[in-house]
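# Residue-level structural notes
The lines below spell out each chain.
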Amino acid sequence: MQFAFFTHLPWPEGTDPKQIVEQATQQIQYAEELGFKSAWLAEHHFTRYSIGSSSLILATHLAAVTKKIRLGTAVLVSPLHNPIRLAEDTATLDLVSGGRLDVGFGRGNSGYEYHGFNISSSDSQERFQDSVKMVQGLWTTPDFSYQGRHYQVNRGNLVPAPLQKPHPPIYIAATRTPATLEFAVSSGHNLCVAVVQDTADALDLCGRFVRLSRESGHQVSMADIPFFRYFYVAETAEQARLDTQARLDWVVDIMQWRRFINEGSEVHQRINDWRSARTEAPLSYEYLIENRAIIGTPDQCLAKLQSFRQQGIEYFGCNFDFGGMPHSKVMRSMELFSREVMPRLK
């Protein structure tokens, strides 16, 4: 099995953005030291759920302080960006990283993010597909022209070109929308699986994608799909629960809270005020550890990963840092995982 590190860069009340970035950098440097294949950053806007609004800038910083680990975007919300700028920035990052960039694209799912950019989410699918086509075209084609309803380019020549040929690997987040899955299949791009989807649904999605890819002639293997889950290893099951319950509760609560926000955001509000007033029950901790997370002792985590492997998952992404997990606990979990679990899956 190959392993990836993933982070949203969460920003709970009372935590410091500068420290979050510094600690995430140390965690990714440690992931490189431990033999992780890649590190992936999310993009979100206007929310404490994530301070990864400029994930390519963060990835460029990481490129300067690492040597081997691949750097991925999971994902760039391409409808919110100018595709020409995205093509230039990703190509430059691929160059300065020595060809270590993996580019995940997605539509995002937060209406208030689109509202903040003054972009209608109703045509996000069209914007999404056009933007990915434009970026790929600019990466690979001299004098590239494209005339879409939302984006156009006239005989554009990308400077610099990406180092990887023909271009950096492309991954598509297709959690729920059939049109996005169809686009990923028809274009021959790979899939990436987010932490927010239940495991059974995510495995079903991977199976459908691989079957459709085979039928389309692209033959993308399930073994190459990055499959992300919330992840935590502790010496005992009791310690694992003690360390993670409040952190997973924060994740689920802020995700639920964000669903009710159509404009503005929750940044300058208190989550406990919202919790006291909400009318919809959150997902339980038990549900989360069964359906979206791998949390427990080394043996418990190993058993779940072996089960995933039996179902075709060979590229597993660990979201160690969720809900404001203390840095020392993230590093301890990573160390325990590398010592007690990773060697048994090689």
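Cut-off values and rules
- Residues numbered from 1 in each chain as written.
- Predicted model: local features only at pLDDT ≥ 70, side-chain atom pairs only at ≥ 80, totals over all residues.
- Heavy atoms only, no water.
- Helix = DSSP H or I, 4+ residues; strand = E, 2+ residues; numbered from the N terminus.
- Rg over C-alpha atoms; globule rule 2.2 N^0.38 Å.
- Contact = heavy atoms within 4.5 Å.
- Areas by Shrake-Rupley, 256 points an atom, 1.4 Å probe, with all protein chains shown as cover.
- Phe/Tyr/Trp six-rings, centres within 6.5 Å; stacked < 30°, edge-to-face > 60°.
- Buried < 20%, exposed > 50% of the residue type's maximum accessible area, 1.4 Å probe, protein only.
- Lys NZ or Arg CZ within 6 Å of the ring centre and 35° of its normal.
- Core = buried A, V, L, I, M, F, W, Y, C linked by side-chain atoms within 4.5 Å.
- Pairing = 2+ DSSP bridges.
- Axes fitted to C-alpha atoms, helices over the stretch in contact; angles between N-to-C directions.
- Patch = residues over 30% accessible without salt bridge, like charges linked within 9 Å, V, L, I, M, F, W, Y side chains within 5 Å.
- Salt bridge = Lys/Arg side-chain N within 4 Å of Asp/Glu carboxyl O.
- Parallel < 35°, antiparallel > 145°, perpendicular 65-115°, else oblique.
- Nonpolar A, V, L, I, M, F, W, Y, C, P; charged D, E, K, R; others polar.

On to the overall build of the chain. When its secondary structure is counted, the chain shows twelve helices and eleven strands. On C-alpha atoms alone, the chain measures out to a radius of gyration of 20 Å, which is about the 20 Å that the 2.2 N^0.38 rule sets for 346 residues. Across its three principal axes, the chain shows a C-alpha extent of roughly 60 × 45 × 40 Å. In the chain, once contacts between residues fewer than 6 apart in sequence are set aside, the share between residues at least 24 apart is 74%. Accessible surface, the chain as shown: approximately 14600 Å² in total, 50% of it carbon and sulfur.

The next point concerns the packing of aromatic side chains. Summed over all chains, the structure comprises 19 aromatic pairs. Ring centres of F46 and F117 lie 5.7 Å apart, and the angle between their planes is 50°; this geometry places the pair in the tilted category. One end of the pair, F46, is in the loop between β2 (38-41) and α2 (55-65); the other, F117, is in the loop between α4 (111-116) and α5 (124-140), and 71 residues separate them in sequence. Residue class for F46 comes out partly exposed when judged on its relative accessible area of 38%. What links up through ring pairs into an aromatic cluster is the set F3, F5, F36, F227, F231, F308, F316, F320 and F337. A cation over a ring is seen here: K37 above Y315, with NZ or CZ 4.6 Å from the ring centre.

Right, let's get into the side chain of S55. Among the secondary structure elements, S55 is positioned in helix α2. Classification of S55 by relative accessible area gives buried; the value is 2%. With residues near it in sequence (within four places) discarded, S55 still touches L41, A42, E43 and L76.

Here we come to the nonpolar core. In this structure, F36, F105, Y230, F231, L305, F316 and F337 are the most contacted members of the largest nonpolar core, which totals 111 residues. Counting residues per element, this core draws most heavily on helix α8 (residues 237-259), which supplies eight residues. F316 has contacts with M1, Q2, F3, A4, F227, R229, F231, I294, L305 and F308, leaving out every residue within four places of it along the chain.

It is worth spelling out the sheet that holds strand β9 (residues 227-233) at this point. Sheet architecture is open: nine strands sit in the order β8-β7-β4-β3-β2-β1-β11-β9-β10, paired in parallel fashion. In the strand order of this sheet, the two ends are held by β8 (190-192) and β10 (293-296), each with one partner. In this sheet, adjacent strand axes meet at a mean angle of 30° when their direction is disregarded. With four bridges connecting them, β2 and strand β3 (residues 70-77) associate as parallel partners. Along β3, the bridge assignment pairs L41 with T73. The sheet contacts of α5 involve β4 (101-106) and β7 (170-173), and relative to β4 the element is tilted by about 155°.

Attention now moves to a nonpolar patch on the surface. Residues L95, V96 and L163 make up a contiguous nonpolar surface patch of about 260 Å² in total accessible area. The residue L163 is located in the loop between β6 (152-156) and β7 in this model.

Where α2 contacts helix α3 (residues 83-96), the axes come no closer than 10 Å and their chain directions differ by 10°. By the angle class used here, α2 and α3 are roughly parallel. Where α2 abuts α3, its residues L56, A59, T60 and A63 lie against L86, D89, T90, L93 and V96. The class makeup of the residues in the contact of α2 with α3 is six nonpolar, two polar and one charged.

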